[in-house]
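Residue-level structural notes
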Amino acid sequence: MATKKINIKPANGKLGILTPGMGAVATTFISGVLAARKELALPIGSLTQMGTIRLGKRTEPRNPIIKDFVPLADLDDIVFGGWDVFSDNVYEAAIQANVLDRTLVEALRPELEQIAPMKAVFDKAYVRNLDGTHIKTGDTKMELAEQLMEDIRRFRETNNCDRLVMVWCASTEAFSEPTGAHQNLEDFEEGLRNNDPHIAPSMIYAYAALKMGVPFANGAPNLTCDIPAIVELAHQMQVPIGGKDFKTGQTLMKTIVAPGLHARALGVRGWFSSNILGNRDGAVLDAPENFKTKEVSKGHVLDGIFNPELQPDLYGDIYHKIRINYYPPHGDNKESWDNIDIFGWLGYPMQIKINFLCRDSILAAPIVLDLALLLDFAQRAGLRGIQEWLAFYFKAPQTAPGLPPQHDIFKQLSKLENTLRYLMGEDLITHLGMDYYEELEKEYAALLQADA
Ligand SMILES: NC(=O)c1ccc[n+]([C@@H]2O[C@H](COP(=O)([O-])OP(=O)(O)OC[C@H]3O[C@@H](n4cnc5c(N)ncnc54)[C@H](O)[C@@H]3O)[C@@H](O)[C@H]2O)c1
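What you are looking at is a predicted structure, and each value in this text was computed from that prediction instead of being measured. (Residues numbered from 1 in each chain as written. Predicted model: local features only at pLDDT ≥ 70, side-chain atom pairs only at ≥ 80, totals over all residues.)

1. Side note on the sheet that holds strand β7 (residues 267–277)
Spatially, four strands are ordered β8-β7-β9-β10 in an open sheet, and the strand pairing comes out mixed. Two strands bound the open sheet, and with one partner strand each, they are β8 (319–326) and β10 (349–357). Strand-to-strand twist in this sheet, taken as the mean axis angle between neighbours without regard to direction, amounts to 10°. Here β7 pairs with β8 via eight bridges, running parallel. Note that in β8 the partner of Ile276 across the bridge is Asn325. (Pairing = 2+ DSSP bridges. Helix = DSSP H or I, 4+ residues; strand = E, 2+ residues; numbered from the N terminus. Axes fitted to C-alpha atoms, helices over the stretch in contact; angles between N-to-C directions.)

If you want it as C-alpha cells, here you go:
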C-alpha cells in the first residue's frame, strides 16, 4: 500500500534532551552518546542508530539504517540537561552508579563534569527510600511547575537549543491510581494550585514540559502522563507523549519468548519470574508501595500476548508471579530467573528455564536515546498526543482510552517500522508476498507455451 509523504520539518540546530533523574540510566545514556560521538564505542541496542529497515520489495536491496532513512537529530547536535534530588554532576553520578568502566568515564570526564542537575521537584511521600537535598521549594505545586518551566526556558537559551525533549529517568514513584484531579486539565490545574496530594512530582514535570511545547516520555511505571488531564494538555499544545516504563531485562525476554509460544499454539500453565538487583532503583523498589507500581506495570504483559479469553484451553489458567528483590552485591547487574511451565500435543507438559544475567542501565540507555530522537521526529512530523507506535520501548504502553495495548515485541516493531514508512511516503509492508508468485506463474506459463 503506497502512502503519501508527510511534510516533516528538518532536524536543524541543537536538540536538548532533558531527564528528570540523573541516576544510573540517565548517566549511562549520556556517557554512551558522548562515547559514540568520540567513536570510543558503538551505540548498540539503539534501533535508530544500529537497526535497519526494509523498504520496497524483498528483491530490492534497500535496507538503510533507520537514522539514514528518517531525518533524526544527529548525535553531534544533542545537548544534555536534567534535574536530580542530589547535586552530583553527571561524572560524579556515573561513578556512583558504577555501571560503566572507570576508564571510559574518565575519558569523558571533562564533558560529564559540565552537566550538573537542576534542583528537583520532589515529594518524599512518593519515594520514601530517598533523602535528597537538592530540591525546589514553593508554596504550591503550580509554583513548582512554573519554576520547572523557567528552568526549561533558561536551558533552551543558554544552550541555544532549537528543540527540546524530556524523558523521565527518575525513581519509580509510589503506586497511585487516577483520581478526580487527573480527569481533566481544568481540575488538574486547580489541583496544582491547591496542592492536591494526588498530583505526583512526575506529573508536575510532564505538565511543565507540555506547557513549554516539549514532548515527554515516561521511562518509569508511575502514572505521570498516563492520565486524561495530561493527554488533554498534549493535544492542546500539539505535543507528542509516550509511556510507560522502559522495556528492558526480564519483561523484554518475556515479550520475545511469549509470542513464539503463542504463535505455535503451545499452552502455558505457569510463569514464575524472579529477579534480584542492587542499584538505587532496587533500593527504591524495596518499599512495597513503589514495588506495587512496578508489579502492576509488568503484570499485564502476558495477558496482552496470550489473550486467555480467546484461547481458554491454552492460556485460561496461567499462574503468573513476579518477584523483585533488592540485593546490593549485584549492583546494576540484574539477574533474573524465569520458570515457564508449558504444555504441548495432547497436554504433555514441558518446562523452559531462562537465566538472564543482564545489565539494567545498559539495556535502558539506548531506549532513552531512541525515544528522545523519535519523539522529536514525531513533533516535527506534526504528531501529537499518545504515540502508540513507540510501544516497542515500553512495558506498559500507553494507548487511546479503551484500546488494549499491544505487548508482542514483533508486532510492536512492525507498527513502528510501518509508521516510519508511512510518514516517509514508502509502501507499507504486509509480508503477503503473493505478487512474487504471480510473476513466477506468468514465467512458467510463458515457458509452457514456448515448449508447446
Ligand atoms: N534500568 C532499567 O532497566 C529500567 C527499566 C525500566 C524502568 N526503569 C526506571 O527508570 C528509572 C531510573 O532508573 P535508574 O536505574 O537510573 O535509577 P536511579 O535510582 O539510579 O536513578 C534515579 C534518579 O532519580 C532521582 N530522582 C528521584 N526522584 C526525583 C525527582 N522527583 N526529580 C528528579 N530526580 C529524582 C534519584 O535521586 C536518582 O538519582 C526508575 O524509575 C526505574 O524504575 C529502569
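Read on, since the account is not over.
2. Comments concerning the domain arrangement of the chain
Much of the literature gives interface size as the accessible area that the parts lose upon coming together. Each assigned domain of the chain is listed with its residue range as follows: domain 1 (14–246 + 361–423) and domain 2 (251–357). One C-alpha centre belongs to domain 1, the other to domain 2; they are set 26 Å apart. Contact with domain 1, which involves 29 residues of that partner, is made by 27 residues of domain 2. Mapped onto the side of domain 1 that touches domain 2, the elements with two or more residues apiece are α16 (360–380) and α17 (409–423). (Domains from an automatic or database assignment. Contact = placed C-beta atoms within 7 Å.)

3. Let's talk about the nonpolar core
In this structure, Val167, Ile204, Leu210, Ile230, Val368 and Leu371 are the most contacted members of the largest nonpolar core, which totals 109 residues. Here the element with the most residues in this core is α16; it accounts for twelve residues. For this core, the two domains that each supply at least three residues are domain 1 (14–246 + 361–423) and domain 2 (251–357). The residues contacting Leu371, other than those within four sequence positions of it, are Val167, Ala217, Gly242, Leu390 and Tyr393. Core analysis: the next-biggest nonpolar cluster, separate from the first, contains eleven residues, Val268, Trp271, Val301 and Ile305 among them. (Core = buried A, V, L, I, M, F, W, Y, C linked by C-beta atoms within 7 Å. Buried ≥ 20, exposed ≤ 12 C-beta atoms within 10 Å, placed from the backbone.)

4. Quick look at the environment of Asn339
Structurally, Asn339 is set in strand β9 (residues 335–343). The class of Asn339 is partly exposed, set by 14 C-beta atoms lying within 10 Å.

5. So, helix α10 (residues 228–237)
Listed as buried for α10 are Ala229, Ile230, Val231, Leu233 and Ala234. Elements in contact with the buried residues of α10: α8 (185–193), α9 (201–211), β6 (240–243) and β11 (385–386). Within two residues after α10, Gln238 carries a phi angle of roughly 60°, on the positive side.

6. Considerations on the site of the ligand
Neighbouring residues of the ligand: 37 residues in total, closest Gly21, Gly23, Val25, Ala220 and Arg280. Of all the secondary-structure elements, those providing two or more residues to the shell around the ligand are α1 (24–37), β2 (78–84), α12 (280–285) and α16. Per element, the largest residue contribution to the shell around the ligand is four residues, and it comes from α16. For the shell around the ligand, the residue count by class is 22 nonpolar, ten polar and five charged. For the shell around the ligand, the two domains that each supply at least three residues are domain 1 (14–246 + 361–423) and domain 2 (251–357). (Near = placed C-beta within 6 Å. Nonpolar A, V, L, I, M, F, W, Y, C, P; charged D, E, K, R; others polar.)

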